[in-house]
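Remarks on the overall topology
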Amino acid sequence: MTPLALDALAALVPDGALLALPPDNSLPPNELARALVRRGAKGLRLLGVPVSGYATDLLIGAGCVTSVQTSAVTLGEAGLAPRFSAALKAGTITVIDATCPAIHTMLQAAEKGVPFMPLRGLLRSDVLAHRPDWRIVQNPLSEAPDPIVLLPALQPDIAAFHAACADWHGNVWVGRRRELATLAHAARRSLVTVERVVDGDLLEDERMAAGTISGTYIEAVAVAERGAWPVALLDEYGTDAAHLAEYARAARTDEGFQGYLARYVMPPRAQAAE
Amino acid sequence: MRPVQPEERLAAAIARLILDSAAPPARHIAVGAASPIPAAACWLVRHLGHPVRLSLLHRRQGNPFTEGSRELFDLAGQGRIDLFFLGGGQIDGQANINLVGTGEWPGRTARFPGSFGSAFMYLAVPRTILFREEHSRRVLVPRVDIVSAPGVSPPEHWRRGSAQALVTGRCVFGFDGTRFTLASVHPGQTTATVREATGFDYHEPASVPTTPDPTPDELGLLRGPVRAEMLETYPEFCARVWEGLAA
């Protein structure tokens with residue numbers, strides 16, 4: 001495995017792709033998102049796994065997105081996601097609401113290669129009422145009336161996330177955030193940014209193997225130091241709460257958001273993380 | 001002594017609900033996104049010496065899950081989570097909650113973050129404590145515009161439980177599966193101010209007590225070990241509520 005340059009990784013995300021992104025507490029590929037903004041990506045259909053944060057709001061504000069399927073969009077303690085809310089109100093994006101376990105379940109169905117999986121709950125929720133692709137059936141194993149929801153398998157075109165490290169075999173290490181393995185298993189292609197490339201084979205190390213996603217699932221890797229910034233990466237660095245608050249303030253208006261892009265996103269990377 | 005902060009009173013009130021012996025036992029409590037006051041209540045219960053397992057989804061270091069929130073929902077599906085917390089941009093008198101938004105679907109007038117796991121958790125968990133600090137007719141409405149998760153379900157729908165209570169910045173309501181009952185009003189509030197600020201109808205007993213303040217012991221725990229547990233996940237909340245306290 002030879003790591004790509006970040007821009008080359010961003011070039012592997014075609015316009016119009018169904019792009020799955022983890023939320024701010026689970027290794028989002030924020031430096032890749034900034035590279036997608038610089039590239040001028042168009043028509044992306046984002047999937048929040050299972051919710052969405054900074055990267056989604058940034059891509060929406062920059063005009064890269066036509067639809068978002070997610071269970072919530074939030075900047076955590078910094079509040080609501082302003083560009084998401086503005087785009088919804090303006091009608092420039094389509095929002096497909098889900099609920100967290102449904103997104104996990106749809107990905108698990110794709111991971112298993114089965115057409116659907118059932119999930120409890122959801123009945124009488126308006127989220128279900130607005131999902132013609134989710135079906136209520138009678139539990140076929142029950143004699144008593146027992147309606148249950150079936151969810152279709154969901155296979156993202158691309159999954160992207162930021163891992164702590166990769167090895168030269170293309171395996172990547174995500175620590176305890178092993179839900180990313182389900183995402184990588186379900187997606188057609190997984191693109192991963194990492195802090196560093198390490199020698200040796202992560203899968204040969206008993207203590208690292210459980211937190212490792214096999215290179216079988218990984219299409220390409222690029223090194224992006226502090227690539228999750230302004231959010232946290234495992235125990236390596238914390239959330240830059242001041243920056244997220246600055247983003248949330250700036251992004252209240254399109255003008256403020258454009259100023260944010262000019263300052264933190266459009267310049268070639270490195271100084272943006274200072 | 002530093003006066004009791006409203007957040008401390010709310011945390012202590014929620015802790016008493018968690019420990020309510022009339023409710024199903026709470027051996028394992030999960031706390032989701034952006035819930036500093038419920039998290040403080042859970043830590044208070046723990047530091048009061050009750051052997052409850054806490055799973056705080058948003059804890060970065062020492063997060064209890066090795067498969068993220070997927071594991072939380074699987075645990076709840078199995079019946080291994082006894083108590084959860086939910087809020088709502090709108091909550092109505094049948095304990096329906098709306099986290100999507102107001103106006104036409106999907107929140108064209110005012111968009112909230114979204115439903116998170118509520119459409120599943122509210123039905124899968126035996127006890128839910130609803131929590132919303134803002135207590136106004138804007139939030140507590142006769143009927144939610146959008147149902148993220150229903151407060152009640154028909155008997156043929158799989159469901160383990162519903163709301164135990166609704167805690168707001170003005171009062172505590174109990175929920176019996178049909179309607180809310182005013183259980184206590186916080187200091188500075190009256191049954192009349194609560195009625196004025198509530199958009200839905202509820203039962204009001206002839207005598208409604210005042211929500212008790214945290215005991216000196218509880219206050220000491222909140223300002224000491226509970227705050228220490230909270231600092232990493234909720235730094236801004238800790239700075240706001242406990243500003244000036246020695247670390």
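Refer to the structure above for everything that follows.
The residue count restarts for each chain, going from 1 along the sequence in the order it is written. Whichever chain is written first is A, and whichever ligand is written first is 1; the rest continue in order. For a predicted model such as this one, the threshold for reporting local features is a pLDDT of at least 70, and the threshold for listing and counting side-chain atom pairs is 80 or more; totals across whole chains, interfaces and linings nevertheless cover every residue.

All right, on to the overall build of chain A then. When helices and strands are tallied, chain A shows ten helices and twelve strands. Since a compact globule built from 274 residues should have a radius of gyration of about 19 Å, the 19 Å found for chain A is in line with a globular shape. Residues are defined as contacting one another if the C-beta atoms placed from their backbone atoms lie within 7 Å. Partitioning the intrachain contacts of chain A with sequence separation of at least 6 by distance along the chain shows that 73% fall at a separation of at least 24. Counting from the N terminus, the helices are the DSSP runs of H or I reaching at least four residues and the strands are the DSSP runs of E reaching at least two. Here the radius of gyration uses the C-alpha set of atoms, whereas the globule reference equals 2.2 Å times the residue count to the power 0.38.

Before going further, it helps to spend a moment on the sheet that holds strand β6 (residues 135-138) of chain A. Residues and elements named next belong to chain A. Following DSSP output, two strands are said to pair if at least two bridges run between them. What the three strands build is an open sheet, ordered β5-β7-β6; its pairing is antiparallel. Whereas interior strands pair on both sides, the edge strands pair on one side only; in this sheet they are β5 (116-119) and β6. When strand polarity is set aside, the average angle formed by the axes of neighbouring strands in this sheet is 40°. Whenever a helix is involved, its axis is fitted only over the stretch in contact; in every case the axis is a line through C-alpha atoms, and angles between N-to-C directions fall within 0 to 180 degrees.

Working definition: the strands of a sheet are paired by backbone hydrogen bonds and lie parallel or antiparallel to each other. All names here are of chain B. Strand order in the open sheet formed by three strands is β5-β4-β9, with mixed pairing between adjacent strands. Edge positions in the sheet fall to β5 (97-98) and β9 (140-141), since each has one partner strand and no second. Across two bridges, the pairing between strand β4 (residues 90-92) and β5 is antiparallel. Looking across to β5, one finds that Q90 is bridged to N98.

Once that is clear, we can look at unusual backbone geometry. Along the chain, W229(A) connects to P230(A) via a cis peptide bond; the corresponding omega equals 10°. Tracing the backbone shows P230(A) in the loop between β12 (218-223) and α9 (241-250). Of note, the bond from W105(B) into P106(B) is cis; its omega dihedral lies within 30 degrees of zero at -5°. Along the chain, P106(B) falls in the loop between β6 (101-102) and β7 (110-111). You will see that L27(A), though not glycine, has its phi angle at about 65°, which is positive.

All names here are of chain B. Structurally, the position occupied by H186 is in the loop between β12 (180-185) and α5 (191-197). Classification of H186 by C-beta neighbours within 10 Å gives buried; the count is 22. On a C-alpha basis, the gap between H186 and D213 in space is 8.7 Å, while along the polypeptide they are 27 residues apart. Each residue touching H186, except ones within four places of it in the same chain, is listed here: R9, R170, C171 and T211. The exposure scheme places C-beta atoms from the backbone and then counts, for each residue, the other C-beta atoms within 10 Å of its own, assigning buried at 20 or more, exposed at 12 or fewer, and partly exposed in between.

Right, let's talk about the interface of chain B and chain A for a bit. Residue-level contacts link 39 residues of chain B with 43 residues of chain A. All amino acids are sorted into three groups, where Ala, Val, Leu, Ile, Met, Phe, Trp, Tyr, Cys and Pro are nonpolar, Asp, Glu, Lys and Arg are charged, and the leftover types, Gly among them, are polar. Here the residues of the side of chain B that touches chain A are counted per class, giving 18 nonpolar, 14 polar and seven charged.

On to the environment of S69(B). By the secondary structure assignment, S69(B) is in helix α3 (residues 68-78). Looking at S69(B), the number of C-beta atoms within 10 Å reads 27, which means it is buried. For the pair formed by S69(B) and R53(B), sequence separation is 16 residues and the distance between their alpha carbons is 16 Å. Apart from residues no more than four positions distant in its own chain, S69(B) is found in contact with P50(A), C100(A) and L57(B).

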